[in-house]
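# Structural description and commentary
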Amino acid sequence: MVSKATRLRELLERRALARIVGSRDALTALLVEEAGFDGLWASSFEISASRALPDLGLLTMSELLDACSHVNQATGLPLLADCDTGFGGNINVVRTVRQFEAADIGGICLEDKVFPKRNSFLGGGQNLEDAGEFAGRIQAAVRARTTADFTVVARVEALIAGAGLAEALRRAHLYADAGADAILMHSKKSTPIEILEFLQAWQARTPVVVVPTTYPHWDLAEAEAAGVSMVIYANHALRASVSAMRDVLGEIRLQGGTGGVEDTIAPMKELFGLTQVNRWEEWSA
Ligand code: SPV
Ligand code: MG
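Here the structure is a predicted model, which means the values were calculated and not measured.

## What to know about the sheet that holds strand β3 (residues 79-82)
Strand order in this closed barrel of eight strands is β1-β2-β3-β4-β5-β6-β7-β8, and the pairing throughout is parallel. Direction aside, neighbouring strands of the sheet carry axes that sit 25 degrees apart on average. Here strand β1 (residues 18-22) pairs with strand β2 (residues 39-42) via three bridges, running parallel. Along β2, the bridge assignment pairs G22 with W41.

## Side note on the site of ligand 1
Every residue near ligand 1 is listed here: W41, S43, S44, F45, D55, D82, N119, S120, F121, R155, H186 and A234. The separation between an oxygen atom of ligand 1 and a polar side-chain atom of W41 is 3.2 Å. In this structure, N119 approaches ligand 1 through a side-chain N or O atom, which is 2.9 Å from an oxygen atom. When the free accessible area of ligand 1 is taken as 280 Å², the share hidden by the protein chains comes to 99%.

## Concerning the environment of G76
Tracing the sequence through the fold places G76 in the loop between α4 (61-74) and β3. Using a relative accessible area of 33% as the deciding quantity, one classes G76 as partly exposed. Along the backbone, G76 and L30 are 46 residues apart, and their C-alpha atoms lie at a distance of 9.5 Å. With residues up to four places along the chain from it excluded, the contact list for G76 reads K4, R7 and E33.

## Let's talk about the packing of aromatic side chains
Throughout the structure, instances matching the rule amount to five aromatic pairs. Both rings, one in F198 and one in W202, keep their centres 5.2 Å apart while their planes meet at 25 degrees; by these two values the pair is stacked. With F198 and W202 both in helix α8 (residues 193-202) and four residues apart, this pair spans about one turn of that helix. Judged on exposure class, the residue F198 and its partner W202 are both buried. Considering the side-chain rings of W280 and W283, the 5.1 Å spacing of their centres and the 85 degrees angle between planes classify their relative orientation as edge-to-face. Of this pair, W280 and W283 both sit in helix α12 (residues 277-284), three residues apart, roughly one helical turn. With respect to burial, W280 and W283 carry one shared label: exposed.

Parameters and conventions
Residues numbered from 1 in each chain as written. Chains lettered and ligands numbered in written order. Predicted model: local features only at pLDDT ≥ 70, side-chain atom pairs only at ≥ 80, totals over all residues. Heavy atoms only, no water. Pairing = 2+ DSSP bridges. Helix = DSSP H or I, 4+ residues; strand = E, 2+ residues; numbered from the N terminus. Axes fitted to C-alpha atoms, helices over the stretch in contact; angles between N-to-C directions. Near = heavy atom within 4 Å. Polar contact = N/O pair within 3.5 Å; in protein donor to acceptor, adjacent residues only side chain to side chain. Areas by Shrake-Rupley, 256 points an atom, 1.4 Å probe, with all protein chains shown as cover. Buried < 20%, exposed > 50% of the residue type's maximum accessible area, 1.4 Å probe, protein only. Contact = heavy atoms within 4.5 Å. Phe/Tyr/Trp six-rings, centres within 6.5 Å; stacked < 30°, edge-to-face > 60°.

Next up, the structure:
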């Protein structure tokens, strides 16, 4: 059987662009698979938000692992886990790799910010980790894995922090030298301009992952031609459900009953299907 790590690596290394989607829980993962996407992203933002917490590095490693395990077991899709800054120093990263690898999770992504990190789209400053220190963390992660295919993605936050392209490139090269399998280059510009500049200079040294939350109109074929290997739709399923839940709850409150929303929400039967109740009942018979 092909491991999830191998599948994630294949997605990153194949010629065609891969699209993975933020999944805070197992049910979301099922819907992502049903919609035909290539893989899953366990977003620290979404998993925090679903616990009514801000994305400020509050999740512990075991909380994230627990959420990732549910997401990972729900489908055959490979999962890239958003492990923020790695939950501490090198030894914490080593333990993280061991635990996530043992859970058959495809790989982890670590970002080069100081703990506790702040979500990249929050206003205010961002504190970048010392690049050498972070490269050491990447090296620790790479050395800790026991299967070559377990993927370690290094996320560069230099553009997010306003440190410029030269610094983003310097960091990306350092992390690739340390063994990172791919670089996630993050940007909060409203166009892919910074990413295009990076890709031009990077010359496909490693696969490149992007999160086009603030530049959603970038044509996928263009992104692929420019050298992007993987796109992450990090938070759209969560944002869709917040809008839908708000609308429906508002209507129910307004109308004094659920009759008016019945046709706009998923029927119970759909949930029975998604949760494969028939199979479970066969096993119980
Ligand atoms: C996440 O989804 O948790 C991410 C992406 O890390 S971002 O929200 O852009 O930081
Ligand atoms: Mg995150």
